[in-house]
Amino acid sequence: MAKIEKANSLGEWFDQRLNTTTFTKVMMTEYWIPKDINFLWAMGVLLAVTFKILVITGIFLMMYYKPDVNLAFDSVNYTIMQEVAYGWLFRHMHGVAASVIFLIIYIHMLTGIYYGSYKKGREMIWISGMLLFMTFSAAGFSGYMLPWGQMSYWAAMVITNLFGGIPLIGDALVVWIRGDFNVADATLTRFFMLHVFLLPISIMAIIGLHFYTLRIPHVNNQTSEDIDYDAEAEKYLAGNKKESKVIPFWPVFISKDFAVLGIFLIFYFYLVFFHYNFAMDPVNFDPADNMVTPAHIYPEWYFLWSYEVLRGFFFDIAGFKAFDIGLAAFGFANVAFLLLPFLDRDPDILPAHKRPMFFAWFWVLMVDLIVLTVYGKLPPTGANAWVGFFAAVVFILLFVALPILTKIDAKKRGA
Amino acid sequence: MSNNTNRRDFLGFTFAAVAAVGGAASLVGMKQAWDPLPSVLAGGFTNVELSGLKAGEPTTVMWRGKPIFVLKKSAEMEKSERDLIIGNDRFIVAIGLCTHLGCIPAWKKSTWKCACHGGEFDSSGKQTFGPPPRPLDLPPFSVKGTQIVLGEEGPEYKKIAAAMMA
């Protein structure tokens, strides 16, 4: 056992038992961050805070929410919204946070892509991050179902139906996932469990993994410079703070994160108090009805791009059914980003503006994602359907072309 | 047992084998916990009286939480191999969920049109436009006089199902 002596302070008492001094050094005051990173690197802290908001508001919502097809709608729209003190606030904070967390995730992802932060030694950071994105998507979808409105119901109907496209076991799988022949009470209660328990603790575990993956290859920087962290940290500790290329996470770097966080929270609470409606579809204020479909079904904005890839293929091609092509394209869209570290064949880590082909690729991807998102919301008729089709084709071709484009970049540079 | 395998390895293998069997057994249990409950399965029968239906106007009944379209065909509507013939009348019985992604198509004049992704089905439930990959699905039913019982597989159902497969 460690040597335990009479402690002179509470801090010392804990230090003798939990080694808190070393722990704080490793995790915070001697966790080194490059100086050369901009506000886009603050997204991690923003996400951590937004997730915390989601968990805390979720706990308060859960205390009055009733996961039962007969009670769910009223428990949200009457009990929580009308009766519970500040219930409306918790709901709007939860709903808006669920929406903006995807905005921040996308900025976080695209920053990583732009600066090549997924490459050469940082693959696990990227993969664990994509796992987080997938679990967040599942949590977002399962939570969307809980108010049991019309959009909730039909979103669940469409999404569970997607599994019917899997060969051989599809139909049986759909019944199994729903626990009924239709989206019904069993479906609601199991999605409730997923949303309030299994997915949040999975997310927490993967967040732990995601943080850990950063500790060994360290965080990338604006110029993708390969920093000798040990040498630079020594300089800093010796007092050469100006010459050292690194600074400690706490309390130096975090102050910048807090500044960005402050601006973000102003934006977030502006949405919560003045524009909470953008996260609340009017159709979802109709109670779920399994005998009437709303005229036009669309997911929340953050799923629109992959939804448009799914429905972009609206005609049969070469004997393949439109439905199957769409489903395959949708599957592709959901794993394409995961494979990014292996599709990028450039051996060097460089920001996109130093890789001409990749730079073009990045911005075409950005535009394509925006086009897919916009057209994902529009009814898929006439010219809209064709725009969706071409945008979906462009999306797939981008990922097919990536290994070739990055090879060309590397060759021109002589790498 | 060979000379290279000592008793500790044997214990290890035995433990792994027992754990594997236990793990597989619990997966079976977990799988079945998500299967539909007996009360859900038992509630799966619905009687529909066909004699009062008006030709050319489909009605919708609920079976297992799903809409079922029952259409008595009018004289000008095309005959098809999935027509259910009772006396002189022809009926179409179909699960009223678009075979694309499960929305409920609405009856417009002589076709079922799905608003979500533009799929269309004719009066025989056959897909005529848009992304639906197959005709409207046929629910299992049996015929009792002028009634059908949804949820039972009668000979008439089997005949139509076989004709649709062909």
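Structure: see above.
Along each chain, numbering runs from 1 in the same order as the chain's sequence is written. Going through the entries in the order they are written, you letter the chains from A and number the ligands from 1. Owing to the predicted nature of the model, reporting of local features is limited to residues with pLDDT of at least 70; listing and counting of side-chain atom pairs is limited to 80 or more, with chain, interface and lining totals taken over all residues. Only hydrogens and water are set aside when side-chain values are computed; all heavy atoms of the structure are taken into account.

Participant: An account of the packing of helix α3 (residues 43–62) of chain A against helix α5 (residues 87–114) of chain A is needed here, citing residue identities and associated values.
Facilitator: Angle between the axes and distance between the axes: these two values describe a pair of packed helices. All names here are of chain A. Contact pair α3 / α5: the axes reach a minimum separation of 9 Å and the direction vectors enclose 155°. The orientation of α3 with respect to α5, classified from their angle, is roughly antiparallel. You can see that α3 and α5 cross each other, and the crossing is left-handed. Broken down by class, the residue content of the contact of α3 with α5 amounts to 17 nonpolar, seven polar and one charged. What counts as an axis is a line fitted to C-alpha atoms, over the stretch in contact for a helix, and the angles between N-to-C directions run from 0 to 180 degrees. Secondary structure counts use DSSP, requiring at least four H or I residues in a row for a helix and at least two E residues in a row for a strand, with both numbered from the N terminus. The cut-offs work like this: below 35 degrees is roughly parallel, past 145 is roughly antiparallel, 65 to 115 is roughly perpendicular, and the gaps in between are oblique. When the near helix sits turned anticlockwise from the far one by under a right angle, the crossing is termed left-handed; a clockwise turn instead gives a right-handed crossing. Three categories are distinguished: nonpolar for Ala, Val, Leu, Ile, Met, Phe, Trp, Tyr, Cys and Pro, charged for Asp, Glu, Lys and Arg, and polar for the others, with Gly belonging to the last.

Participant: Tell me about the nonpolar core, residues and numbers included.
Facilitator: Only buried Ala, Val, Leu, Ile, Met, Phe, Trp, Tyr and Cys residues count toward a nonpolar core, and they belong to the same one when joined by side-chain atoms within 4.5 Å. Here's how the labels work: a residue is buried when its accessible area is under 20% of the maximum for its type, exposed when over 50%, partly exposed in between, all with a 1.4 Å probe on protein chains only. Judged by nonpolar contacts, the single largest core of 146 residues is most densely connected at Ile113(A), Phe337(A), Trp361(A) and Phe395(A). Not counting residues up to four positions away in its chain, the partners in contact with Ile113(A) are Tyr118(A), Trp126(A), Phe337(A), Leu340(A), Phe358(A), Trp361(A) and Phe362(A). Contact between two residues is taken to exist if any of their heavy atoms lie within 4.5 Å; hydrogens are not considered.

Participant: Please provide a residue-by-residue account of the pairing of strand β3 (residues 66–72) of chain B, values included.
Facilitator: Residues and elements named next belong to chain B. Judged by how many residues are buried, β3 sits mostly within the fold: seven of seven residues are covered. Side-chain alternation along β3 places Lys 66, Ile 68, Val 70 and Lys 72 on one buried face and Pro 67, Phe 69 and Leu 71 on a second face that is also buried. Sheet analysis places β3 next to strand β5 (residues 89–95), joined by five bridges and oriented antiparallel. Bridge pairing in β5 links Ile 68 to Ile 95. Only when DSSP finds a minimum of two bridges between them are two strands counted as paired.

Participant: Can you lay out the interface of chain A and chain B for me, pointing to particular residues and giving the numbers?
Facilitator: Listed per partner, the contact involves 29 residues of chain A and 27 residues of chain B. Here the quantity called buried area is the total loss of accessible area, with a 1.4 Å probe, experienced by two parts when brought into contact, counted for both. Taken over both partners, the interface formed by chain A and chain B buries close to 2,400 Å², and the fraction arising from carbon and sulfur atoms is 69%. Interface area lost by chain A to chain B is led by Trp176(A), Phe181(A) and Met291(A), which between them contribute 30%. We count a salt bridge whenever a side-chain nitrogen from Lys or Arg sits within 4 Å of a carboxyl oxygen from Asp or Glu. At the junction of chain A with chain B, the criterion picks out zero salt bridges. Polar contacts here mean pairs of N or O atoms no more than 3.5 Å apart (in protein, one a potential hydrogen donor and the other a potential acceptor; neighbouring residues in sequence count only if both atoms are side-chain atoms). Taken together, the links from chain A to chain B amount to six residue pairs in polar contact (both at pLDDT 80 or more). Put simply, the parts of the chain that give the side of chain A that touches chain B at least two residues each are α7 (150–162), α8 (170–178), α9 (185–215) and α12 (304–312) of chain A. The residue inventory of the side of chain A that touches chain B, partitioned by class, reads 20 nonpolar, five polar and four charged.

Participant: Quick rundown of the packing of aromatic side chains? Include the residues and the values.
Facilitator: Each pair of aromatic rings taken from Phe, Tyr and Trp, with Trp reduced to its six-membered ring, is defined by centres within 6.5 Å and is described as stacked if the planes are under 30 degrees apart, edge-to-face if over 60, and tilted in the remaining cases. All chains considered together, the criterion is met by 46 aromatic pairs over all chains. Members of the aromatic cluster, each reached through a chain of ring pairs, are Trp305(A), Phe332(A), Phe337(A), Phe358(A), Trp361(A), Phe395(A) and Phe399(A). Lysine NZ or arginine CZ positioned within 6 Å of the ring centre and within 35 degrees of the ring normal marks a charge as sitting over the ring. Taking NZ or CZ as reference, Arg215(A) lies 3.6 Å from the ring centre of Tyr31(A), over its face. Against the face of Phe181(A) rests Arg64(B), its NZ or CZ located 3.7 Å from the ring centre.

Distances and angles like these do not, on their own, reveal function.
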